[in-house]
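Summary of structural features
Read off the chains here:
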Amino acid sequence: MPKLSTQERNAMSERQFAFPVQRKEPLENASHVRNAIARFGQVTGVSDDERDEAWQRIEAAASLYGVVLHEIGWRELVNPRTKIGSR
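Quick caveat, the model's predicted, so the values are computed rather than measured. (Residues numbered from 1 in each chain as written. Predicted model: local features only at pLDDT ≥ 70, side-chain atom pairs only at ≥ 80, totals over all residues. Heavy atoms only, no water.)

**Observations regarding the overall build of the chain**
Helices and strands together make up the secondary structure of the chain, namely three helices and two strands. Along the chain direction, N to C, the helices and strands of the chain fall in the order α-β-β-α-α. Relative to its 87 residues, the chain shows a buried fraction of 31%. Residue pairs in contact within the chain that sit at least 24 positions apart in sequence constitute 45% of those at least 6 positions apart. Accessible surface, the chain: about 5700 Å² in total, of which carbon and sulfur atoms supply 48%. (Helix = DSSP H or I, 4+ residues; strand = E, 2+ residues; numbered from the N terminus. Buried < 20%, exposed > 50% of the residue type's maximum accessible area, 1.4 Å probe, protein only. Contact = heavy atoms within 4.5 Å. Areas by Shrake-Rupley, 256 points an atom, 1.4 Å probe, with all protein chains shown as cover.)

Below is the structure:
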């Protein structure tokens, strides 16, 4: 996955991030979509509603870039024993 420079990241629209307010998990190509899925549970300081919206953006980006999702929803990615936002 190519690393985005600060300039590239700053130039991206909020709509290109799974978590637009925090500008976390860019979704501009298949590699970044897979990375957003892998790191989904590591994002802290967001509500379940924000996670629902982020998952919808990830699903749309996955469809656009041909990434196959094996998860039904984001809750499959989060360890139930770990309180979200506690890290």
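Now, onward.
**Quick word on helix H2 (residues 30-39)**
Owing to its 3.6 residues per turn, the α-helix brings residues three or four apart onto one side. Inspection of H2 places Ala-30, His-32, Val-33, Asn-35, Ala-36 and Ile-37 among the buried residues, and these make up the whole buried set. Turning to H2, the residues buried within the fold contact strand E2 (24-26) and helix H3 (48-65). Its side-chain oxygen at 3.1 Å from the backbone nitrogen of Ser-31, Asn-29 defines the N-terminal cap of H2. (Polar contact = N/O pair within 3.5 Å; in protein donor to acceptor, adjacent residues only side chain to side chain.)

**Structural notes on the pattern of salt bridges**
By the definition in use, this model includes one salt bridge. A salt bridge links Asp-52 to Arg-75; its shortest N-O distance comes to 3.4 Å. Separated by 23 residues along the polypeptide, Asp-52 in helix H3 and Arg-75 in the segment after H3 bring together distant segments of the chain. (Salt bridge = Lys/Arg side-chain N within 4 Å of Asp/Glu carboxyl O.)

**Some words on the packing of aromatic side chains**
Within the structure shown, the criterion is met by three aromatic pairs. Judged by centre distance (5.4 Å) and plane angle (45°), the ring pair of Phe-19 and Phe-40 falls under tilted. On the criterion of sequence distance, the pair formed by Phe-19 in strand E1 (residues 17-19) and Phe-40 in the loop between H2 and H3 is long-range, its members being 21 residues apart. Of the residues examined, Phe-19 reaches a relative accessible area of 1% and is grouped as buried. The class of Phe-40 is buried, set by a relative accessible area of 0%. A ring pair is formed by Phe-40 and Trp-74, whose centres lie 6.0 Å apart and whose planes are at 35°; its orientation type is tilted. With Phe-40 in the loop between H2 and H3 and Trp-74 in the segment after H3, the pair connects residues that are 34 residues apart, well separated along the chain. Across the pair, Trp-74 and Phe-40 agree in class, each one buried. Site record: aromatic cluster; members linked through ring pairs are Phe-19, Phe-40, Trp-55 and Trp-74. When the ring centre of Trp-74 is taken as origin, the NZ or CZ atom of Arg-51, which lies over that ring, is 5.6 Å away. (Phe/Tyr/Trp six-rings, centres within 6.5 Å; stacked < 30°, edge-to-face > 60°. Lys NZ or Arg CZ within 6 Å of the ring centre and 35° of its normal.)

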